[in-house]
Every structure is written in C-alpha cells, then in structure tokens.
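Given next are the chains, with one letter for each unit.
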Amino acid sequence: MSAGFLAGVDLSENALERARRAASHYIDLTSSNPTHQGLLFPPEILSEAAAAYWRARRYDPDPRGALSAREAICAYYAQRVPPLRLSPDQVFLTAGTSEAYGLLFALLADPGDNVIAPDVTYPLFEHLAAAHHIELRTYRLIEANAWAIDEDSLLAAADARTRAVLIISPHNPTGMIVQQPIAALERLGVPLICDEVFAEFTYRAAHTPPLAALHPDLPVFTLNGISKMFALPDLKLGWIALNAPAAQRFAARLELLNDLYLSANSLVQFMLPTLFARGWAFVEAMRARVREAMGLALAHLAQVPGGGAPRPPGGGVQGTPGGGGGGGGGLWPPGAGGAAWRWALRCRICPPPRGRPSPRRRVVTTCSRACWAAALARRKRSWCSTCSRTACWCTLATSTVARAART
C-alpha cells in the first residue's frame, strides 16, 4: 500500500489539460509568467548588480539573509502607502514565496490543524497543506461586492484548531485589494499570511496598503519577492516580513526553520539592493503596459455578443473581467458554447503560428507616427503575441479578436 504525499490520488491529465495540449494555437490568459510575455528586466542592470559579487565572493550564510538585502526591503516598505516600518531583523529571505508558504505552514501548524484561504485561488495551497498534513479550509469572496471577503464565511470556517488566515492582496485572479481593516480578522486574532506579490500592479486603486499596516496588533507575515515585482521569477528570491507582533512570537523559531535549508541564492541576495535602486523605471513601464493591455481586453470583451459589459477590477490588474469590481469566474466569454476563441495579435515580422490559421486574423503594426500618436491617445495599443513587439491600430484596424470555427 502506497503512502506519503498524494498517495492514491489520480494524477492523470484532466479534460482541460487534454484540451490545452490538443489546441493548435491559443494564448493563455491565466499566465502570470512575465518572461513569457516579453517582460524582461534590463540585462545591463543585472550585469552591473552581479559584477561586484565575483570580485569579493565569500560565503557567510545568515538564516535571515544578507543584511544589505534585508535593509533594501525595509527601505521599500518604508515608502509604501501607508508606510510599514520594519527593522532588518524582521525580514527573512527565501527562495521565492512558495517556499515561504511552506516555512510558515511548518512554523504555525501541527498535523490536523487548519488554515483558511480564499475559495477563489490557485492550487498551490492545497498541495502545500497536503504536504504538511494540515487541513485547508476556505472563505468566500463576494463577487457582487467587488470580491470582498465574506466575513461571516470566514468566521464560520474557523475553530479552535485554526492557525492562520491567508490573504492575497491584490488577489489573484480577481484583482481585489484589501484597503481597510477587516473586523473578522481582529475577532479571530490568529496570525495572518498576506501574499502581496502583485502589490505594484494596481489598476483603479492608487496603492496597495500593506496588510500589516492595517492590522498592526495582529501577527502578520507579509510575503513578496522579485518574481512579479521585477519580472525575475527565474532568480528565485522572495521574503517574509514580520510585523512586531509576529516577530516577537515567531522570529526565533522561523530563523531555525530557514537555517535548515538556506535556499536563497547568495548572488541574488547581493544583487537585490541594486535591483531596488535601479529597477523602478522598468517596473513603471511594465505597469503601463499591463494597464493598457487590461484596457484593451476590457474594450474587446465588451463587444463579445452575449458577454455583457465587463467591469474592470477594483484593484490589481490581474482581475478577470466580467463581474463585481474584480471580474467573473468560469469560462469566458459567457454563452460561447463550443466555440473556440483565439486572441490574434501578430506583427508583420513574425511568421504565422503553426497549425490551422485563425479566420479573420488581422495583422497590425504601426503605420505612421501620426497613427501611433492617435492610437496612444485612445489607449489602443497592444503587443504581438509572438514576439511582443509593440503594435498600434490605425482607425481602420478596428478588431484584432478573431473567433475560430466551432470545434
């Protein structure tokens, strides 16, 4: 009899994965990998950030991470709105936020305990909970109220063995941002784990408030990293920032846990201060591109027959258009039936994609400086789905959404 992680679970491909593999061409609207979208951090900054490391390379592992990197993280939180004041001793560097979750599940819960996460999310939490032999419970997000947290469902899910509540702000995939203290969290009084990897990518909201600043009396573990912020998922660097109540209760034990692996790469830790110092122009350009892409998607989705007028997300740009301030779940567009939808943007330089060509594909490019200026003023700008070259529409190029034949 097999035992251990996911023993006895059917791990064969589901229908959705089989359909994905069979598709001749599609664009994955759920992808949040920036390197797949042509969002590449300036290589000259990376080279500069790494150069000095090789001249004075010395391995002095610190279970909390390199001091210079932790100081840069503290400076980052000091300029957030509202500011979150931290000392370097309150920051732990990890090899990404997934590892950070694993460390915190081990830190906070014993087998049989439970943590509570939103019911609209990605499957990471289920697998981590199974790996640590803890129960994953869920609370609802209210679609009709801009995907706000349903406090009654949160309270109903908690019991004496609840060890933490997971908050994703901005939330993936709805775009919801927690902007005010939540009374139910204060009532529960358990530690909070806040994943804010999309904090720099807001849409209508001006800022993403650090949850630890909204709940200063609760233990709050803030998770972030360079994967989304600087589009550097391959460099694998994240962090856990503990506010004062969390540091007082848990920092000593978390230091021992992190010391078991010391997974964060020394080179990338060394580079982090330079990334913070010189990377913000790239972040702003990336923000502008993603906001314009969201605007483009909203404009086209509003024209889908039977789809209704989509509402933009109230907070982060990763919202799915369709419902209450953050968007609708399920398959898009509604009422599409068996039709296959292909989003066809391609510049004139790139060859057509392999497989059956999509009917009514429109190839767009910049036709003149005047057209470019006019398109930019109307926010009608997008990128080639193959090479990510910038493209704009002239007044005649009214549609770049192609509907394929029914399959």
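Coordinates for the structure precede this section.
Residues numbered from 1 in each chain as written. Predicted model: local features only at pLDDT ≥ 70, side-chain atom pairs only at ≥ 80, totals over all residues. Heavy atoms only, no water.

S.K.: How would you explain the overall build of the protein if you had to name every residue and give the values?
M.R.: Counting its secondary structure elements, the protein contains 13 helices and 13 strands. Burial statistics for the protein: of 407 residues in total, 47% are counted as buried. Sequence separation of 24 or more characterises 72% of the internal contacts of the protein that already satisfy a separation of 6 or more. (Helix = DSSP H or I, 4+ residues; strand = E, 2+ residues; numbered from the N terminus. Buried < 20%, exposed > 50% of the residue type's maximum accessible area, 1.4 Å probe, protein only. Contact = heavy atoms within 4.5 Å.)

S.K.: Outline the environment of Leu154, supporting the account with residue identities and numerical values.
M.R.: Along the chain, Leu154 falls in helix 6 (residues 151-157). Residues Leu154 and Tyr139, 15 residues apart in the sequence, show an inter-C-alpha distance of 4.8 Å. When neighbours within four sequence positions are excluded, Leu154 is seen to be in contact with Ile116, Tyr139, Ile149, Val165, Ala184, Leu185 and Leu188.

S.K.: If you had to explain the pairing of strand 8 (residues 220-225) to someone new, which residues and values would you point to?
M.R.: Sheet faces and side chains relate simply in a regular strand, where the side chains alternate between the two faces. Buried residues dominate strand 8, accounting for 6 of its 6 residues. Burial along strand 8 is two-sided: the residues Val220, Thr222 and Asn224 and Phe221, Leu223 and Gly225 are all buried. By the bridge criterion, 4 bridges tie strand 7 (residues 192-195) to strand 8 in an arrangement that is parallel. Considered in strand 8, the bridge of Cys194 is made with Thr222. Taken together, the 5 bridges between strand 8 and strand 9 (residues 238-242) define a ladder with antiparallel strand orientation. Paired with Thr222 across the two strands is Ala241, which belongs to strand 9. (Pairing = 2+ DSSP bridges.)

S.K.: Tell me what's going on with helix 3 (residues 67-78), and back it up with residues and numbers.
M.R.: Its 12 residues place the ends of helix 3 16 Å apart at the C-alpha level, agreeing with the 16 Å of an ideal helix rising 1.5 Å per residue. In this structure, the buried residues of helix 3 make contact with strand 1 (91-94), strand 8, helix 9 (226-229), strand 9, helix 11 (266-278) and helix 12 (280-301). (Expected span 1.5 Å × (residues − 1).)

S.K.: Tell me about the pattern of salt bridges, residues and numbers included.
M.R.: This model, assessed by the stated rule, comprises 16 salt bridges. Close ionic contact of Arg70 with Asp89 constitutes a salt bridge, the shortest N to O distance being 3.8 Å. With Arg70 in helix 3 and Asp89 in the loop between helix 3 and strand 1, the pair connects residues that are 19 residues apart, well separated along the chain. Linking Arg137 and Glu135 is a salt bridge whose minimum nitrogen-to-oxygen distance equals 3.1 Å. Of the residues examined, Glu135 reaches a relative accessible area of 37% and is grouped as partly exposed. By sharing partners, the salt bridges in this structure join Glu13, Glu17, Arg20 and Arg21 into a single network. (Salt bridge = Lys/Arg side-chain N within 4 Å of Asp/Glu carboxyl O.)

S.K.: Hey, could you go over the packing of aromatic side chains for me, with residue numbers and the actual values?
M.R.: Two aromatic rings, taken as a pair, are described by how far apart their centres are and by the angle between their planes. One pass over the structure, following the stated rule, counts 14 aromatic pairs. The interplanar angle of 10 degrees and the centroid separation of 6.0 Å between the aromatic rings of Tyr76 and Trp280 together place this pair among those described as stacked. Of this pair, Tyr76 sits in helix 3 while Trp280 sits in helix 12; the two residues are 204 residues apart in sequence, bridging distant segments of the chain. For Trp280, a relative accessible area of 27% puts it in the partly exposed group. (Phe/Tyr/Trp six-rings, centres within 6.5 Å; stacked < 30°, edge-to-face > 60°.)

S.K.: Go over the sheet that holds strand 2 (residues 114-118) with me, naming the residues and quoting the values.
M.R.: Here 7 strands make up an open sheet; going across it, the order is 1-9-8-7-6-2-3 and the pairing mixed. Both outer strands of the open sheet, strand 1 and strand 3 (135-139), are each paired with one neighbouring strand and no more. If you compare each strand with its neighbour and ignore which way they point, the axes differ by 25 degrees on average. Across the sheet, helix 3 lies against strand 1, strand 8 and strand 9, angled at about 115 degrees from strand 1, the strand it touches most. (Axes fitted to C-alpha atoms, helices over the stretch in contact; angles between N-to-C directions.)

S.K.: Describe the nonpolar core, and please don't skip the residues or the numbers.
M.R.: Ile149, Ile226, Phe230, Trp239, Leu272 and Phe276 are the most contacted members of the largest nonpolar core, which has 54 residues in total. Among the elements that make up this core, the one with the highest residue count is helix 3 (6 residues). Leu104, Phe221, Leu223 and Leu254 belong to the second largest nonpolar core, which has 29 residues in total. (Core = buried A, V, L, I, M, F, W, Y, C linked by side-chain atoms within 4.5 Å.)

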